[in-house]
Each structure stands twice: as C-alpha cells, then as structure tokens.
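Coordinate analysis (summary)
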Amino acid sequence: MRVCILTLGSRGDVQPYVALARGLDAAGHRTALCAAPAFRPFIESHGVEFASFDTGDPQALLRSAEGQAVFRSTRNPFALFQGLCRLLEPVLEKGYAEACRATEGADALLAAPGALPIAHALHERRDVPFAAAFLQPNHPTREFGSWLFPELPAWLPFLGSLRRASYHATWHVLYRLIRDANDAARRRVLDLGPGANPFAAMLRARWPTLYGFSSAVVPRPADWGPELALTGYWFLDRTRDWAPPRELEQFLAAGPPPICVGFGSMPSVDPEQTTELFTRALARAGQRGILLTGWGGLAHARLPETVLAVDSAPHDWLFPRVAAVVHHGGAGTTAAALRAGAPALVIPFIADQPFWGQRLNALGAGLPPMSRRQLEPEPLAAALRALVENPAYRARAAQIADALAREDGVARAVAALPF
C-alpha cells in the first residue's frame, strides 16, 4: 500500500515515525513521512521518503519573539497550549493544503496526535482509511489520568471515573483552542463544513490506534479495547556514517562517566543562566557533565574542564556511556534513557513531560520530577548526587532496558496495522 504518516512538532515528534516508516517499507509498503521541511535532510538520511507538511519551522517558531513570550509569560499548561495554538493558527490552512497534496493517492493514513484533525478531515473528504499512531496515552482509563492534569490523590472518591473524565476534558479543551481555525481551514481547503472533535469521534468509533511505547513502562490498562495496540517503542538508531566528535570521545575517556543534561527542543528564556546553574550544581555534586544545547535550552558558555557542551549526539550512542540523564521528559528521550539503562531526572516543560517523569519515578528508574521553579544549585546538586550514588536507580533502569531489548515495537506495529 501507499501509506502516508502525518506528524507535526519537533524532532521528538518526527523520529519515531521515521523508524515506523522504515518498518513499513521493509514490509513491502511504500511510505511517505509528511513533516515540516526542516526535517527533510534528517528523514531522507534514513532512506525514508519525505513529503512536505509545512506548518512553519518549529525551531524558528519556538525561538521567535512570540514563541519566547509564550514560554516566558506562564507556566500554566492550559495557557501555554493556548499561546502555542495562537502561533499555529495563521499557518493551519497552509498545513491543510500541504497535507492534501502530500497524501494524494494514499491508500491509508497514519496520524500523530497533532495531525489528527487534518487526517480526520481527509478521511471525510476522500474516505481514505486511517489509524492513529500515538507516543503517549490518549485513551481514557481508570488506571491513571490524562497527561495534561496532575495525578489525582488516591484517597479521592470515584477516582477511576475522575481519571477517565480527565481525558475527555483534555481533548475538549485542546480542540476548543483550534476549533475556529480548523473549521476555516476545512472550509477553504476541503470544502467541508464544521468538524466534530476528532478525539471524541475517535472514542465513539473506536478508531484503530498504534501506541509506540512499551508495556514495561506503561502496563496496558485493563479497560482499553482491542482496537488499541500497545506495540513497544519505535526506536531509530543512528545512521552508519555518524561518528562522534573527537572532543566528545576524548572527554568521555578522560574521567568517570558524566551526567548528560539536555532539554531537546525545549527553549530556555535564559540559556546562559540555565547553563551556569547546571555547571554549579554539577561542581557541588562532584560530577562531570555533558550539556546537549539542543534548540536553545542550554548555551555554549565558558565551561570548566569537567563540563563539555555539544549541540547534539545520538542518544543510542551517548546514553549507554553516561552515569545518568537529566532531561525534559519527552517520550523519546525517556525511552532512550531507559533503553540505555541510565537513571534519569526529568525537569518537565509542557504536555506529556510530567507524565513521563512520574512514570520513571514510579518505576524506580529515576527521581521524582523537579519543577523548573525549584532549580537552585544546592537542591539540584543533591538530586544529581542521589541519582548517581543510589545504585537502586541504575539497577531498576537496567531491568527495564533488558525488557525493552526483547521487544521489536516497529515489527509489532506493522503487524498490527488494520488496513
């Protein structure tokens, strides 16, 4: 079949779908990954066909004055999503038009969460089969609440019902933020009337859904239906021609394993200050460190000999070589640290990141998530010491790594496709 995968967002919202596309191609399908043009070189370097699904350069968007203002103005997750949706509204219609062109002739669609409204509209217009492909839990369950809300205390009455209701509330709120712009794009590009909330439609119609995470990390809820396939992670390893920079190899060889700190695509209002904070905390903890500067969460500042800053490095190469990982809690980074058997501390910014931080702690593979508002050198240093010096965290992470090594999430996902 000709399969098109639609995804929006940062590198973490693209990389697992590259792995999935490679698996589909290996099974004899013809797969195109529809994503922002900024990711074209990365996608094609792994031998996957790229198709433009342009809703703006996500890195430029987050680094813009408007994007920085959104992250600077509030730590309220609802207000933060509202601000991000305002940034996307002007380009949503362009995204619809690009998706129409990119998916012309497709026999089936796979949609990431951010692309679900567009995939639903294409299904309405063309009657093309599609399935959801998610990286975090999005279906209601009594066993844990939606990632948008803090976990409810166990003593609350009707706890299971409240947890299930939190998912309906999440998608009601998030869809309301884009409803007007989405309806306008549907009308202008596809000549469709106002759309239903696709997340509510997903639940009513029991759309088939692939979940790209492991039951060793999130056990399958007992109240999930058979249309939901928990496949395991969709890992994408580095390309064969990648080689580590000499300075990185030399730094790793010069002393004990360092702590790796990086926040992926998450921007920092003051990356220099954040870099100084972690440099001081590492010194107080008596630890060496590698800082992954990413999309601007950390800076290339003057650093002591015990700390090295690099733009990025493949997690499948770097994480097995470090003592621990401090990260933002993205689904992919969380999975990569567990795969490497590295204990972790999550400092979440947005979306599902607090959920993954709480999961790591509940599994015993990391500390409780630390709020950015708690970031001071001494508490952070104490957390870094505990993460490295308590052998229970690494032992538990190693157990989970063994379980992940026995899984082939991509193969399971391809086998579970309903088309």
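Preceding block: the structure.
First things first, this report covers the structure right here in the doc. Predicted model, so just to flag it, every value in this text is computed and none were measured.

Digging into the sheet that holds strand β9 (residues 289-292)
Strands sit in the order β10-β9-β8-β11-β12 across an open sheet of 5 strands; the sheet is parallel. In the strand order of this sheet, the two ends are held by β10 (307-310) and β12 (344-346), each with one partner. The sheet shows a mean angle of 15 degrees between the axes of neighbouring strands, taken without regard to direction. Sheet topology note: the strand β8 (residues 259-262)/strand β11 (residues 324-327) ladder contains 3 bridges and is parallel. By the bridge assignment for β11, Cys-260 is matched with Val-325.

Digging into the packing of helix α6 (residues 116-126) against helix α7 (residues 159-190)
For the pair α6 and α7, interaxial distance at closest approach is 11 Å and the crossing angle is 35 degrees. Remark: the crossing between α6 and α7 carries right-handed chirality. Along the contact surface, α6 presents Pro-117, Ala-121, Leu-122, Glu-124 and Arg-125, while α7 presents Ile-178, Asn-182, Arg-186 and Leu-190. Looking at the contact of α6 with α7 residue by residue, the class counts come to 5 nonpolar, 1 polar and 3 charged.

A look at the pairing of strand β3 (residues 49-52)
Across 4 bridges, the pairing between strand β2 (residues 30-35) and β3 is parallel. Opposite Cys-34, over in β3, you have Ala-51 as the bridge partner. Note on the crossover from β2 through helix α2 (residues 40-45) to β3: the handedness is right-handed.

Comments concerning the sheet that holds strand β7 (residues 228-230)
Across a sheet, paired strands are connected by hydrogen bonds in the backbone, their directions being either parallel or antiparallel. Spatially, the 7 strands line up as an open sheet ordered β3-β2-β1-β4-β5-β6-β7, and their pairing is parallel. Here the strands that pair on one side only, and so sit at the sheet edges, are β3 and β7. Taken over all neighbouring pairs, the strand axes of this sheet differ in orientation by 25 degrees on average, direction set aside. Where strand β6 (residues 209-211) meets β7, 3 bridges bridge the pair, whose relative direction is parallel. Bridge pairing in β7 places Thr-209 opposite Leu-228.

A short note on the nonpolar core
Across soluble globular proteins, you tend to see nonpolar side chains buried next to one another. Counting residues in each nonpolar core, the largest one holds 89 residues, and the members touching the most others are Tyr-17, Ile-43, Leu-110, Leu-116 and Trp-234. In this view, Leu-116 contacts Ala-111, Phe-130, Ala-132, Phe-134, Pro-198, Phe-199, Met-202 and Trp-207; residues no more than four positions away in its chain are not counted. Counting 28 residues, the second-largest nonpolar core is a separate cluster that includes Leu-277, Leu-291, Ile-347 and Leu-375.

Regarding the environment of Arg-321
Structurally, the position occupied by Arg-321 is in the loop between α11 (315-318) and β11. Contact partners of Arg-321, with chain neighbours within four places excluded, come to Leu-252, Pro-257 and Pro-258. A distance of 2.6 Å separates a polar atom in the side chain of Arg-321 from the backbone oxygen of Trp-317.

Focus on the packing of helix α10 (residues 271-285) against helix α14 (residues 377-389)
Two elements in contact, α10 and α14, have axes whose closest approach is 8 Å; the angle formed by their N-to-C orientations is 55 degrees. Here α14 runs oblique to α10, going by the angle between their axes. Crossing of α10 over α14 shows right-handed handedness. Note on element contacts: α14 touches α10 through Pro-377, Glu-378, Leu-380, Ala-381, Leu-384 and Arg-385, opposite Leu-277, Phe-278, Arg-280, Ala-281, Leu-282, Arg-284 and Ala-285. Classifying every residue of the contact of α10 with α14 gives 9 nonpolar, no polar and 4 charged.

Observations regarding unusual backbone geometry
One non-glycine residue, Asp-191, lies in positive phi territory at about 55 degrees. As for its position among the elements, Asp-191 is in the loop between α7 and α8 (198-205). Although it is not a glycine, Ala-351 adopts a positive phi angle of roughly 60 degrees. The topology assignment puts Ala-351 in the loop between β12 and α13 (353-363). What makes Ala-351 partly exposed here is its relative accessible area of 22%.

Things to note about the pattern of salt bridges
Side-chain pairing between opposite charges can occur once the charged atoms of the two side chains come close. For the structure shown, the criterion picks out 14 salt bridges. When the shortest N-O distance is used, the salt bridge between Asp-223 and Arg-164 registers 3.2 Å. Residue Asp-223 is located in the loop between β6 and β7, and its partner Arg-164 is located in helix α7; the two are separated by 59 residues in the primary sequence. Between Arg-238 and Asp-316 there is a salt bridge, with its nearest N and O atoms 2.6 Å apart. In this pair, Arg-238 sits in the loop between β7 and α9 (246-253) while Asp-316 sits in helix α11, placing the two residues 78 residues apart along the sequence. Its relative accessible area of 22% is what places Asp-316 among the partly exposed residues.

What to know about α7
The axis of α7 is deflected most strongly, by about 55 degrees, at Arg-179. Two residues or fewer after α7 comes Asp-191, characterised by a positive phi angle close to 55 degrees.

Overview of the packing of aromatic side chains
Per the counting criterion, the structure on display carries 14 aromatic pairs. An angle of 50 degrees between the planes, with centres 5.3 Å apart, marks the rings of Tyr-211 and Phe-213 as tilted. Exposure remark for Tyr-211: the relative accessible area of 0% places this residue in the buried category. For Phe-213, a relative accessible area of 0% corresponds to the buried category.

Scoring rules and cut-offs
- Residues numbered from 1 in each chain as written.
- Predicted model: local features only at pLDDT ≥ 70, side-chain atom pairs only at ≥ 80, totals over all residues.
- Heavy atoms only, no water.
- Pairing = 2+ DSSP bridges.
- Helix = DSSP H or I, 4+ residues; strand = E, 2+ residues; numbered from the N terminus.
- Axes fitted to C-alpha atoms, helices over the stretch in contact; angles between N-to-C directions.
- Left-handed = near helix turned anticlockwise from the far one by under 90°.
- Contact = heavy atoms within 4.5 Å.
- Nonpolar A, V, L, I, M, F, W, Y, C, P; charged D, E, K, R; others polar.
- Right-handed = clockwise from strand over helix to strand, strands pointing away.
- Core = buried A, V, L, I, M, F, W, Y, C linked by side-chain atoms within 4.5 Å.
- Buried < 20%, exposed > 50% of the residue type's maximum accessible area, 1.4 Å probe, protein only.
- Polar contact = N/O pair within 3.5 Å; in protein donor to acceptor, adjacent residues only side chain to side chain.
- Parallel < 35°, antiparallel > 145°, perpendicular 65-115°, else oblique.
- Salt bridge = Lys/Arg side-chain N within 4 Å of Asp/Glu carboxyl O.
- Bend = angle between axes of the 7 residues up to and from the residue.
- Phe/Tyr/Trp six-rings, centres within 6.5 Å; stacked < 30°, edge-to-face > 60°.

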